Amino acid sequence: MVDQLIADLYVLDDRARKDLFNYVKTLKDNYSEPSRVEDLKNIKYKL
């Protein structure tokens, strides 16, 4: 699954990648699960 995502991003041009990341940000802003957001913060602090 991750390898397909990387391959899909690779073939997109800069504008399409920017649009995709903006779309993902919108999804995260509206549909994030608070417990997963906290989990991710904890992982980032350990790195």
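Presented here is a report on the structure given in the accompanying data block. (Residues numbered from 1 in each chain as written. Predicted model: local features only at pLDDT ≥ 70, side-chain atom pairs only at ≥ 80, totals over all residues. Heavy atoms only, no water.)

### Section: the pattern of salt bridges
As enumerated under the stated definition, the model contains 5 salt bridges in all. Between Arg 15 and Asp 19 there is a salt bridge, with its nearest N and O atoms 4.0 Å apart. One end of the pair, Arg 15, and the other, Asp 19, are both in helix α2 (residues 14–31), 4 residues apart, so they sit about a helical turn from each other. Look at Arg 15 and you get exposed, because its relative accessible area is 64%. Asp 19 gets classed as partly exposed once you look at its relative accessible area, which sits at 43%. Two residues, Glu 38 and Lys 41, come together in a salt bridge whose shortest N-O distance is 3.6 Å. Of the two residues, Glu 38 and Lys 41 both sit in helix α3 (residues 34–46), 3 residues apart, roughly one turn of that helix. Residue class for Glu 38 comes out partly exposed when judged on its relative accessible area of 41%. For Lys 41, a relative accessible area of 38% gives the class partly exposed. (Salt bridge = Lys/Arg side-chain N within 4 Å of Asp/Glu carboxyl O. Helix = DSSP H or I, 4+ residues; strand = E, 2+ residues; numbered from the N terminus. Buried < 20%, exposed > 50% of the residue type's maximum accessible area, 1.4 Å probe, protein only.)

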